[in-house]
Amino acid sequence: MEPVPEVHATALHLKRLEFTGYTLVPRAIPPTHLVRVRERLDELFRDHANVPTAVEDYRRTSLPGSGSIDINRLFELDPVFEDLMDLPTVLPLVQAALGHDATLCCDATDNYRAPHSRAATLWHRDGGPYLRLTYFLDDIAEHNGATAFLPASHLSTEPPPPWANHDGQPRLLPGMVHATGPAGACLLNNTNLWHTNTPNDSDQPRRVIWLLFKPSQVEFAGHDEMKSTPAYLARQTDSGRRALMGLVD
Ligand SMILES: O=C(O)CCC(=O)C(=O)O
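Criteria and cut-off values
Residues numbered from 1 in each chain as written. Predicted model: local features only at pLDDT ≥ 70, side-chain atom pairs only at ≥ 80, totals over all residues. Heavy atoms only, no water. Helix = DSSP H or I, 4+ residues; strand = E, 2+ residues; numbered from the N terminus. Contact = heavy atoms within 4.5 Å. Areas by Shrake-Rupley, 256 points an atom, 1.4 Å probe, with all protein chains shown as cover. Lys, Arg positive; Asp, Glu negative; His and termini not counted. Charge placed at Lys NZ, Arg CZ, Asp CG, Glu CD. Core = buried A, V, L, I, M, F, W, Y, C linked by side-chain atoms within 4.5 Å. Buried < 20%, exposed > 50% of the residue type's maximum accessible area, 1.4 Å probe, protein only. Near = heavy atom within 4 Å. Polar contact = N/O pair within 3.5 Å; in protein donor to acceptor, adjacent residues only side chain to side chain. Nonpolar A, V, L, I, M, F, W, Y, C, P; charged D, E, K, R; others polar. Pairing = 2+ DSSP bridges. Expected span 1.5 Å × (residues − 1). Arc of directions from axis to C-beta. Disulfide = S-S within 2.5 Å.

Asker: Help me understand the overall build of the protein in this model?
Answerer: Looking only at helices and strands, the protein has 7 helices and 13 strands in total. Along the longest, intermediate and shortest principal axes, the C-alpha atoms of the protein span 50 × 45 × 35 Å. A separation of at least 24 residues holds for 85% of the contacts in the protein among residues at least 6 apart in sequence. A total of about 11900 Å² of accessible surface is found on the protein, and carbon and sulfur atoms cover 56% of it. The positive charge centre, built from 22 side chains, and the negative charge centre, built from 31, are 2 Å apart in the protein.

Below you can see the structure in the form of structure tokens.
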């Protein structure tokens, strides 16, 4: 995807979201913050058997046997992850896309796709529509587990047809694009966009963090393990973050 000239950045990102269903914000996470996020995540992955919110081959995001690890409720695990909810490089765009009424659907999830692994999902759409943020913690290219999209498919009333997947893997569809970019970038997509994971043919894991936003009045049809606990919500004192979590003062 061509870089967006700074002066038109928000307008162009909004048009891309509207017409293609996705856009990419490079350098979304400041480098020093990215280092801290990666270090903390590596600690959690190393010890994931003892992290209560970690799930291997999490069936909601991964095919069985794909070697994926999700860690849910990241905000609750460390403040370094909380800072991803209101980065000044991304939040204004999220607010503009959602009519300045953006609310988090749930807590953040980290996803690890193992080295040398097959695509961990098939073509699907997530529903909603919500606005998904995918923070890249590694450089993501076509060969190391990129998410792929069929641009503009969020405008279709149809989900991907069954033949888009074959033999337990997604097919290459005409017009599909791999969402690639450098570590620290943030990919935004409409969750009705047809998308899939692709194989990770590299020696390194692919690590991303997902956040989901919606307009405040839209119900989130998600699962309890993705949601913040009442104890965490009760601890929130910052008015901006309380608003993002849908806490009405
Ligand atoms: O991991 C990916 O690249 C895509 C994941 C996905 O499709 C999903 O969780 O909805």
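Asker: When you look at the nonpolar core in this model, what are you seeing that I'm missing?
Answerer: Where a protein is soluble and globular, its nonpolar side chains tend to be buried together. Within the largest apolar cluster, 42 residues are counted, with the highest numbers of intra-cluster contacts made by Val94, Leu133, Tyr135, Ile209, Leu211 and Phe213. Ignoring anything within four residues of it in the chain, the contact list for Val94 reads Ala102, Leu131, Leu133, Leu188 and Phe213. Counting residues in hydrophobic clusters, the runner-up holds 12 residues, among them Leu24, Phe136, Ala185 and Val208.

Asker: Please clarify how the site of the ligand should be interpreted in this entry.
Answerer: Taken together, Thr61, Arg113, Thr121, His124, Asp126, Arg132, Thr147, His195, Asn197, Arg206 and Trp210 make up the full set of residues adjacent to the ligand. Here Arg132 contributes a side-chain N or O atom positioned 3.3 Å from an oxygen atom of the ligand. At a separation of 2.7 Å, an oxygen atom of the ligand approaches a polar side-chain atom of Arg206. For the ligand, whose free accessible area comes to 290 Å², the fraction covered by protein is 97%. Elements with a contribution of two residues or more to the shell around the ligand: β12 (195–197) and β13 (206–215). Looking at the shell around the ligand residue by residue, the classes come out as 1 nonpolar, 6 polar and 4 charged.

Asker: Any chance you could explain the pairing of strand β6 (residues 131–136) here in plain terms?
Answerer: A regular strand places its side chains so that they alternate between the two faces of the sheet. The buried fraction of β6 is high, at 6 of 6 residues. Strand direction decides the pairing type here: β6 and β13, joined by 6 bridges, are antiparallel. When the bridges of β13 are listed, Leu131 appears paired with Phe213.

Asker: In this structure, what is going on with helix α2 (residues 31–46)? I would like to understand it.
Answerer: If you check α2, its first and last C-alpha atoms are 23 Å apart, about what 16 residues at 1.5 Å a residue would give, namely 22 Å. For α2, the complete set of buried residues consists of His33, Leu34, Val37, Leu41, Leu44 and Phe45. Down the axis, α2 shows its buried residues gathered within 100° of arc, on one side only. Facing away from the buried side of α2 by more than 90 degrees, the exposed set consists of Pro31, Thr32 and Arg46.

Asker: Explanation requested: the state of the cysteines in the structure shown.
Answerer: Two cysteines form a disulfide when their sulfur atoms are joined by a covalent bond. Scanning the entire structure with this criterion turns up 0 disulfides. This cysteine, Cys106, is not joined by any disulfide, and Cys105 carries the nearest cysteine sulfur, 5.6 Å off. Its relative accessible area of 8% is what places Cys106 among the buried residues. Cys105 supplies the cysteine sulfur nearest to Cys186, a cysteine that is in no disulfide, at a spacing of 14 Å. By relative accessible area, which is 0% here, Cys186 ends up buried.

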